[in-house]
Amino acid sequence: MGIINTTPDSFSDGGSFDTTEKAFQHAQQMIGDGVDILDVGGESTRPGSQYVDQAQELERTIPLIKAIREISDIPISIDTNKPGVMQKAIDAGANIINSIDALRQENALAVAAELGVPVCLMHMQGTPENMQKEPHYNDVVAEVKVFLQQRIDAALTAGIDRSNIIVDPGFGFGKTLQHNLHLLSSLTSFQSLDVSLLVGLSRKRMIGTILDKPVDQRVYGSISSAVIAVMQGADIVRVHDVAETVDAIKMVKALKQVKT
Ligand code: PT1
């Protein structure tokens, strides 16, 4: 899964022609590099980031989804928590809902069920604005698993097919480095949830802390993290560096196909 940035740089507004055009070119590059899914989001959810209203989110995502859909059948996920954005994005040609609050907003479960598309349910402690203040768990792996099991149950009850459910432990979302490492080293235990598993580690602070490197020097750390995750059973990895990660994952897949 390749991450398409639609949030504005200092020279333009999100949703402006320039921003959409840049994101579209980025999407084309990723398609050429062999991406399987494009993740399009109009709200930054990095630690400390602030809420974006629906009109702005729509402006940043819908024209881009339509533009990608005109040139390719590549599956597109919409990274949003808002049911209104889910609906309009799927109408515009997106295929998957990526919800970092695990469809906990009013109506989100019902809308997702009605749309009948795959959904990613992610764990987060707190909100993007406050989540890194003082993350606390007694047993991070057990607690994240219990939460995801509850959201799977809620999704099933709402009428979402088990085959359409993906879960994500939410690396960096209300977690210290130790919490993240515990989750990564226990990733195989999430297989008992009996749904697909998505993992997003690319360029995150966790990698920066381990390597003592800024965000633009985390490519090798990110590729290594993707390899670790897929070795431990991740079905989808959410990444910035598609070409590099595609090669790395091909190596893992070859290894996994050896009959023992
Ligand atoms: C993710 C994810 C996401 N991450 C899914 N969607 C982000 N399903 C956005 C840091 O610690 O992991 N899974 N959508 C980006 N959010 C973050 C969080 C970016 C933490 C950076 C950090 O550096």
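This write-up is about the structure you can find in this document.

## Re the packing of helix H8 (residues 219-231) against helix H9 (residues 242-256)
Link 1 in the chain: For the pair H8 and H9, the least separation of the axes is 9 Å and the interaxial angle reads 30°. With respect to their mutual orientation, H8 and H9 come out roughly parallel. Remark: the crossing between H8 and H9 carries right-handed chirality. Contacts from Ile-223, Ala-226, Val-227, Val-230 and Met-231 in H8 reach Glu-244, Thr-245, Ala-248, Ile-249, Val-252, Leu-255 and Lys-256 in H9.
Link 2 in the chain: Tallied by class, residues from the contact of H8 with H9 come to nine nonpolar, one polar and two charged.

## Let's talk about unusual backbone geometry
Link 1 in the chain: A positive phi is found at Asn-107, a non-glycine position, where the angle reads about 80°.
Link 2 in the chain: Note that Asn-107 resides in the loop between strand S4 (96-99) and helix H4 (108-115).
Link 3 in the chain: Owing to a relative accessible area of 52%, Asn-107 belongs among the exposed residues under this scheme.
Link 4 in the chain: Positive phi values are uncommon outside glycine, yet Asp-212 reaches one of about 55°.
Link 5 in the chain: Considering the arrangement of structural elements, one finds Asp-212 in the loop between helix H7 (205-211) and H8.
Link 6 in the chain: Taking the relative accessible area as the measure of exposure, Asp-212 reaches 70% and is therefore exposed.

## What to know about empty space enclosed by the protein
Link 1 in the chain: Across all of its chains, the model carries one cavity of 30 Å³ or more by this definition.
Link 2 in the chain: By volume, the largest cavity is sized at about 80 Å³.
Link 3 in the chain: Lining the largest cavity are 15 residues, with Ser-202, Ser-222, Ala-226, Arg-238 and Val-239 positioned closest to its centre.
Link 4 in the chain: Every element with two or more residues in the lining of the largest cavity is listed here: strand S7 (196-200), H8 and strand S8 (236-238).
Link 5 in the chain: For the lining of the largest cavity, the element with the most residues is H8, which contributes five residues.
Link 6 in the chain: Its residues placed into classes, the lining of the largest cavity shows seven nonpolar, six polar and two charged.

## A closer look at the site of the ligand
Link 1 in the chain: Not every one of the 16 residues close to the ligand is listed here, only the nearest: Asp-79, Asn-98, Asp-168, Lys-204 and Arg-205.
Link 2 in the chain: Here an oxygen atom of the ligand sits 3.5 Å away from a polar atom, N or O, in the main chain of Gly-200.
Link 3 in the chain: Between Lys-204 and the ligand, the recorded distance is 2.7 Å, taken from a side-chain N or O atom to an oxygen atom.
Link 4 in the chain: Out of a free accessible area of 510 Å², the ligand has 91% covered by protein chains.
Link 5 in the chain: For the ligand, the cavity whose grid points lie within 2 Å of the majority of its atoms is the largest pocket.
Link 6 in the chain: Of all the secondary-structure elements, those providing two or more residues to the shell around the ligand are strand S5 (119-122) and S7.
Link 7 in the chain: The residue makeup of the shell around the ligand, split by class, is six nonpolar, four polar and six charged.

## Some details on the sheet that holds S5
Link 1 in the chain: Overall, parallel pairing links the eight strands, which are arranged S1-S2-S3-S4-S5-S6-S7-S8 in an open sheet. Each edge of the open sheet is held by one strand with a lone partner, namely strand S1 (2-5) and S8. Adjacent strand axes in the sheet meet at a mean angle of 25°, parallel and antiparallel pairs treated alike.
Link 2 in the chain: Of the strand pairs in this sheet, S7 and S8 are connected by three bridges, and their pairing is parallel. For Gly-200, the partnering residue across the bridge sits in S8 and is Arg-238.

## Some thoughts on the side chain of His-179
Link 1 in the chain: By secondary structure assignment, the location of His-179 is in helix H6 (residues 177-185).
Link 2 in the chain: The exposure class of His-179 is buried, given its relative accessible area of 12%.
Link 3 in the chain: Side-chain polar atoms of His-179 contact the backbone nitrogen of Thr-176, separated by 3.0 Å.
Link 4 in the chain: Contact partners of His-179, with chain neighbours within four places excluded, come to Pro-135, His-136, Tyr-137 and Val-140.

What counts and how
Residues numbered from 1 in each chain as written. Predicted model: local features only at pLDDT ≥ 70, side-chain atom pairs only at ≥ 80, totals over all residues. Heavy atoms only, no water. Axes fitted to C-alpha atoms, helices over the stretch in contact; angles between N-to-C directions. Helix = DSSP H or I, 4+ residues; strand = E, 2+ residues; numbered from the N terminus. Parallel < 35°, antiparallel > 145°, perpendicular 65-115°, else oblique. Left-handed = near helix turned anticlockwise from the far one by under 90°. Contact = heavy atoms within 4.5 Å. Nonpolar A, V, L, I, M, F, W, Y, C, P; charged D, E, K, R; others polar. Buried < 20%, exposed > 50% of the residue type's maximum accessible area, 1.4 Å probe, protein only. 1 Å grid on protein atoms, 1.4 Å probe; cavity = no way out; pocket = protein on both sides within 12 Å on 5 of 7 lines; lining within 4 Å. Points joined across faces, edges and corners; volume = space filled by probe spheres on them. Near = heavy atom within 4 Å. Polar contact = N/O pair within 3.5 Å; in protein donor to acceptor, adjacent residues only side chain to side chain. Areas by Shrake-Rupley, 256 points an atom, 1.4 Å probe, with all protein chains shown as cover. Sits in = over half its atoms within 2 Å of the grid points. Pairing = 2+ DSSP bridges.

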